[in-house]
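Tertiary structure, described
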Amino acid sequence: MSAVLIDGKARAAALRRDVAAGVEAFVAAHGRAPGLTVVLVGDDPASAVYVGSKGKATREAGMISGEYRLPAATPEAELLALIAALNADPAVDGILVQMPLPRHIDSDRVIAAIDPAKDVDGLHPVNTGLLVSGRKGLVPCTPSGCLMLIEEAIGTIAGAEALVIGRSILVGKPMAALLLNRSATVTVAHSRTRDLAAHVARADIVVAAVGIPGMVKGEWIKPGACVIDVGINRVALPDGKTRLVGDVDFDGAVKRAGRITPVPGGVGPMTIACLLANTLKAATART
Ligand code: NAD
């Protein structure tokens with residue numbers, strides 16, 4: 001048996017087309033395009049690449065892309081003043097501060113300073129609270145994308161045994177809340193969990209968001225399970241080249257799972273697509 005691959009690239013392309021159509025309707029109704037502004041502090045090369053691709057995707061969806069690239073030594077007060085100005089700017093619907101921030105800046109304080117109505121990363125405590133209480137708000141992009149892939153792959157989530165591996169504020173915790181809101185029976189595993197294999201063996205849905213290459217072994221997977229691999233790990237190959245791999249031992253898991261996301265081409269493309277969807281949602285909610 002070999003699992004059906006979940007095509008995140010195709011699903012993300014469809015979502016981006018839907019967002020672009022929604023943007024056209026928004027422009028027709030309101031005479032302006034939704035705006036997403038991304039703030040980057042420092043010169044981390046990976047963050048710079050992410051910010052560049054977010055800007056490109058924003059423009060491709062027909063939205064206005066704003067970008068601030070601030071030096072690494074920017075004082076926290078200066079960043080907070082910029083956020084206050086963006087909160088007050090009616091042309092800005094979404095604000096995203098690229099993480100990680102330099103060590104002298106308190107990222108919790110920065111996130112809390114963003115207007116929750118413009119918090120397209122869904123990390124503000126107000127949005128976290130809305131998600132946990134099952135109410136409408138802005139949901140973090142990666143778990144939102146995972147949920148879409150799961151729903152499309154298996155249909156009904158209600159009653160399923162779901163295992164989320166990882167409890168970060170960015171992925172694991174909101175993923176668990178989303179699955180619980182869909183009436184799955186949710187277990188959250190983390191670095192202190194005993195006998196991870198036994199938890200995986202029970203799960204109809206496994207979402208792995210750990211950051212350790214291949215740590216979820218193929219033989220642990222329940223036959224027919226839906227496996228969503230959030231991990232993005234760059235590993236060295238014997239020939240000196242590198243390759244991206246997930247947190248799941250794909251070659252083993254593909255033999256037992258019913259559906260599985262590849263890495264790359266699974267969850268990754270959904271994240272930016274969901275960021276665009278969140279920006280349109282924020283713009284629509286603010287009108
Ligand atoms: P994180 O480092 O904040 O959290 C990792 C979690 O894994 C922690 O909660 C920890 O308790 C848990 N963990 C560590 N060792 C464990 C173990 N042995 N058993 C069980 N759990 C263990 O990471 P994150 O931000 O949640 O990201 C996780 C992975 O997902 C990374 O590889 C990251 O690159 C990737 N990621 C991908 C996307 C995407 O768009 N595809 C987005 C965000 C993160």
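Above this note sits the structure.
What you see is a predicted model; the values in this text were computed from it and never measured. (Residues numbered from 1 in each chain as written. Predicted model: local features only at pLDDT ≥ 70, side-chain atom pairs only at ≥ 80, totals over all residues. Heavy atoms only, no water.)

**A few points about unusual backbone geometry**
Backbone geometry follows two general trends: most residues other than glycine have a negative phi, and most peptide bonds adopt the trans configuration. The test is simple: Runs of E in the DSSP output that reach at least two residues are strands. Runs of H or I that reach at least four are helices, and both are numbered from the N terminus.
Omega for the bond connecting Met 99 with Pro 100 falls within 30 degrees of zero, at 0°, which places this linkage in the cis form. As for its position among the elements, Pro 100 is in the loop between strand 4 (94–97) and helix 4 (107–113). Following Val 263, the chain continues into Pro 264 via a peptide bond in cis, with omega recorded as -5°. Residue position: Pro 264 is located in the loop between strand 11 (259–260) and helix 10 (268–286). You will see that Ser 183, though not glycine, has its phi angle at about 70°, which is positive. Turning to its location among the elements, Ser 183 is positioned in the loop between helix 7 (172–181) and strand 6 (185–189). One non-glycine residue with positive phi stands out, namely Asp 195, at about 55°.

**What to know about the packing of helix 6 (residues 141–154) against helix 7**
To be explicit about the condition: In this analysis, axes come from line fits to C-alpha atoms, helices being fitted only over the stretch in contact, and the angle between any two N-to-C directions falls in the range 0 to 180 degrees. Any angle from 65 to 115 degrees is called roughly perpendicular, while one under 35 is roughly parallel, one over 145 is roughly antiparallel, and all others are oblique. Whether a crossing is left-handed or right-handed is set by the direction in which the near helix is turned from the far one by less than a right angle, anticlockwise for left-handed and clockwise for right-handed. Contact definition: two residues touch when any of their heavy atoms are within 4.5 Å. Charged means Asp, Glu, Lys or Arg here, nonpolar means Ala, Val, Leu, Ile, Met, Phe, Trp, Tyr, Cys or Pro, and polar covers whatever is left, Gly included.
Where helix 6 contacts helix 7, the axes come no closer than 9 Å and their chain directions differ by 40°. Between helix 6 and helix 7, the interaxial angle falls into the category oblique. Where helix 6 crosses over helix 7, the handedness of that crossing is right-handed. Only Pro 174, Met 175, Leu 178 and Leu 179 of helix 7 make contact with helix 6, whose side of the interface consists of Pro 143, Ser 144, Cys 146, Leu 147 and Ile 150. Of the residues contributing to the contact of helix 6 with helix 7, the split by class is 8 nonpolar, 1 polar and no charged.

**Notes on the side chain of His 124**
Selection rule: With a 1.4 Å probe rolled over the protein chains alone, any residue whose accessible area is under 20% of its type maximum counts as buried; one over 50% counts as exposed, and the rest are partly exposed. Here a polar contact means two N or O atoms within 3.5 Å. Within protein one must be a hydrogen donor candidate and the other an acceptor candidate, and residues neighboring in sequence count only if both atoms are side-chain atoms.
Locating His 124 in the fold gives a position in the loop between helix 4 and helix 5 (125–132). His 124 sits in the buried class, given a relative accessible area of 8%. Looking at His 124, its side chain comes within polar contact range of the main-chain nitrogen of Val 126, at 2.9 Å. Among all residues touching His 124, those that are not within four sequence positions of it are Ile 111, Ala 112, Ile 114, Pro 116 and Asp 119.

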